[in-house]
Amino acid sequence: MTEPDVTLTDYGLAIECTVLAFVLHFRGDPRVPLRAWFTLFFASIGVAALGGGTVHGFFSNTETLGYRILWSLTLIAAGLTTMATWIIGAKLWFPERLARFIGMLAVCDFAVYSIMILFFTQSFLLVIVNYLPASFFLLTIFHLLYSHMGTRELRAGFIGLVLTLVAAAVQVGGIGLHPIYFSHNALYHVVQAIALLMIFRSARWLIQRR
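Right, let's walk through the structure included here. Small disclaimer: the values here were computed from a predicted structure and weren't measured.

What counts and how
- Residues numbered from 1 in each chain as written.
- Predicted model: local features only at pLDDT ≥ 70, side-chain atom pairs only at ≥ 80, totals over all residues.
- Heavy atoms only, no water.
- Helix = DSSP H or I, 4+ residues; strand = E, 2+ residues; numbered from the N terminus.
- Rg over C-alpha atoms; globule rule 2.2 N^0.38 Å.
- Buried < 20%, exposed > 50% of the residue type's maximum accessible area, 1.4 Å probe, protein only.
- Contact = heavy atoms within 4.5 Å.
- Lys, Arg positive; Asp, Glu negative; His and termini not counted.
- Charge placed at Lys NZ, Arg CZ, Asp CG, Glu CD.
- Patch = residues over 30% accessible without salt bridge, like charges linked within 9 Å, V, L, I, M, F, W, Y side chains within 5 Å.
- Areas by Shrake-Rupley, 256 points an atom, 1.4 Å probe, with all protein chains shown as cover.
- Salt bridge = Lys/Arg side-chain N within 4 Å of Asp/Glu carboxyl O.

## Looking at the overall build of the chain
Here's step 1: Broken down by element type, the chain carries seven helices and zero strands.
Here's step 2: For the chain, the α and β elements follow one another from N to C terminus as α-α-α-α-α-α-α.
Here's step 3: Whereas a compact globule of 210 residues would reach a radius of gyration of roughly 17 Å, the chain reaches 17 Å, a difference of no more than 12%.
Here's step 4: C-alpha atoms of the chain, sized along the principal axes, occupy 50 × 35 × 30 Å.
Here's step 5: Counting every position in the chain, which comprises 210 residues, the buried fraction comes to 49%.
Here's step 6: Put simply, of all contacts in the chain between residues at least 6 apart along the chain, 74% involve residues at least 24 apart.
Here's step 7: Each charge class in the chain was averaged separately, 13 positive and 9 negative side chains, and the resulting centres sit 16 Å apart.

What follows is the structure, encoded as structure tokens:
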């Protein structure tokens, strides 16, 4: 295992997301469209974490077939997270027709992003650039909802989304606790894990309410 701190925190994140997606899918109301999109949100992060952890731990050589397959899978899964984020925000705030239009744009964005990943670049920076607008969009929606309703669940979701931006800053800025034993990637995973728990609390409440 070449990067145990990154690999283990990635695997921990994958397990967390699997549990959260499982709970939303099997204990949520199937008649609520948000249930499927929040499930995709957490499941896709889990797949990305599993793929990323395996790459960092066992396929760090970029010339191997295993690296190319797993890293492509990781980045495309992250693209699904972005798509789900756009659609969740649209469904939470906008009328059905406008929400459907935003959803179509999100699908087109995912298609273009996937083409970029498969044929042009596999830089993780592309993941951050692609996800940030969607993250700010959903953050704004949660802020509006919290301003109107003022519940603890919505506040938790808002704070969780803020933490995802903090996690992205940690990753891009290379901020770690130790260069070998707890790098910036490992810290990114830990902050992300806390953020996702808070978003899950809000997601479950929203699904039950709607």
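## Some remarks on a nonpolar patch on the surface
Here's step 1: On the surface, Val 112, Ile 115, Met 116, Leu 118, Phe 119 and Phe 120 cluster together into a nonpolar patch covering about 650 Å² of accessible area.
Here's step 2: Structurally, Ile 115 can be placed in helix H4 (residues 96-119).

By themselves, these observations are geometric and do not establish any function.
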